[in-house]
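# Analysis of the macromolecular model
The residues making up each chain are set out below.
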Amino acid sequence: MTEQKRSKWFWVGILVPVAIVVISAATWVAGYLSSADGTVVGDCYAVTTFGDVDAEPAKADCGSIEANTKLGAKAESGDACPQGEYDQLTVDRTFSSYKLCMMINARQGDCFENFLADSVAYQKVECSDPTKDAEVVKVIEGASGDTACDDTGATDLKSYSTPPSTVCVKAGK
């Protein structure tokens, strides 16, 4: 009896489908593990645009000028944010989609540009900057509501239910 030698195409026909299955499984696992589990309420972020995005925004030190937002809540992509003036980021990924409900990261005396813009994210600037269009006049932690900014000179406010807080802002150039 002679031993029959298998052709190289036989082995290619076996190895290519196996490689495709292994690569597909690894991609799925990597996508699943990189979902919103790394986001923590209270973390600060450097956001440049609101709305639908492909990737999570970059985390930033809450005291830095780049940290213009902080995470107030997370929700499934079809769910609504809690009651309040949250700026929303819907992160669309291959294996998961979710919504980040962002709050303004501000202290009394902070100034911003693009505060009144719809999709462009507001950015912290020096109060002497000519692009400034808003100044925070008061931050109230633990309380939310439309009357929280009475007697502050604020022309606008951002009120959040989770965690409860209100940011009183004097907007306009």
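Here, the structure is the one placed above.
To keep things clear, this report deals only with the structure shown in the data block. (Residues numbered from 1 in each chain as written. Predicted model: local features only at pLDDT ≥ 70, side-chain atom pairs only at ≥ 80, totals over all residues. Heavy atoms only, no water.)

Moving on, we get to the overall build of the chain. Within the chain, the secondary structure is distributed over 1 helix and 11 strands. Going residue by residue from the N terminus, the α and β elements of the chain occur as α-β-β-β-β-β-β-β-β-β-β-β. In the chain, buried positions account for 33% of the 173 residues. Once local pairs closer than 6 in sequence are excluded, the contacts in the chain between residues at least 24 apart make up 54%. Here the chain has roughly 10,400 Å² of accessible surface; of this, 54% comes from carbon and sulfur atoms. (Helix = DSSP H or I, 4+ residues; strand = E, 2+ residues; numbered from the N terminus. Buried < 20%, exposed > 50% of the residue type's maximum accessible area, 1.4 Å probe, protein only. Contact = heavy atoms within 4.5 Å. Areas by Shrake-Rupley, 256 points an atom, 1.4 Å probe, with all protein chains shown as cover.)

Below, the discussion takes up the pairing of strand S4 (residues 69–76). Judged from the 2 bridges that link them, strand S1 (residues 44–46) and S4 form a sheet pairing that is antiparallel. Across the sheet, tyrosine 45 pairs through a bridge with threonine 69, a residue of S4. Bridge count between S4 and strand S6 (residues 97–104): 7 bridges; the pairing is antiparallel. The partner of lysine 74 across the bridge, within S6, is leucine 100. (Pairing = 2+ DSSP bridges.)

Another point: the sheet that holds strand S7 (residues 111–113). Strands sit in the order S8-S7-S9-S11-S10 across an open sheet of 5 strands; the sheet is antiparallel. The open sheet terminates on both sides in strands that have one partner only, identified here as strand S8 (123–125) and strand S10 (156–161). Pairwise comparison of adjacent strand axes, ignoring direction, gives a mean angle of 35 degrees for this sheet. (Axes fitted to C-alpha atoms, helices over the stretch in contact; angles between N-to-C directions.)

Glancing now at a nonpolar patch on the surface. Together, Phe10, Trp11, Ile14, Leu15, Val18 and Val22 give the surface a local cluster of nonpolar side chains, amounting to about 570 Å² of exposed area. Inspection of the secondary structure puts phenylalanine 10 in helix H1 (residues 8–33). (Patch = residues over 30% accessible without salt bridge, like charges linked within 9 Å, V, L, I, M, F, W, Y side chains within 5 Å. Salt bridge = Lys/Arg side-chain N within 4 Å of Asp/Glu carboxyl O.)

Attention now moves to the pattern of salt bridges. All told, the structure shown has 4 salt bridges when counted by the stated rule. The closest approach of N and O atoms between aspartate 110 and lysine 124, which form a salt bridge, is 3.9 Å. Placement of aspartate 110 in the loop between S6 and S7 and of lysine 124 in strand S8 is noted, with a sequence separation of 14 residues between them. For aspartate 110, a relative accessible area of 14% corresponds to the buried category. The exposure class assigned to lysine 124 is buried, which follows from its relative accessible area of 13%. The partner of lysine 132 in a salt bridge is glutamate 135, and the shortest N-O contact between them spans 3.6 Å.

Right, let's talk about the pairing of strand S9 (residues 134–141) for a bit. Put simply, side chains in a regular strand alternate between the two faces of the sheet. Across 2 bridges, S7 lies against S9 in antiparallel orientation. Following the sheet pairing, phenylalanine 112 is matched in S9 by alanine 134. Across 7 bridges, the pairing between S9 and strand S11 (residues 164–171) is antiparallel. Bridged to glutamate 141 within S11 is serine 165.

Below, the discussion takes up the nonpolar core. Counting 26 residues, the largest nonpolar core has Val47, Leu89, Leu100, Met102, Ile104, Phe112 and Val167 as its most contacted members. Every element with two or more residues in this core is listed here: S4, strand S5 (87–92), S6, S9 and S11. In terms of residue count, S6 provides more of this core than any other element does, 6 residues in total. Setting aside residues no more than four positions away along its own chain, isoleucine 104 makes contact with Asn68, Lys70, Phe112, Phe115, Tyr122, Lys158, Tyr160 and Val167. (Core = buried A, V, L, I, M, F, W, Y, C linked by side-chain atoms within 4.5 Å.)

Honestly, it's all geometry; don't read function into it.
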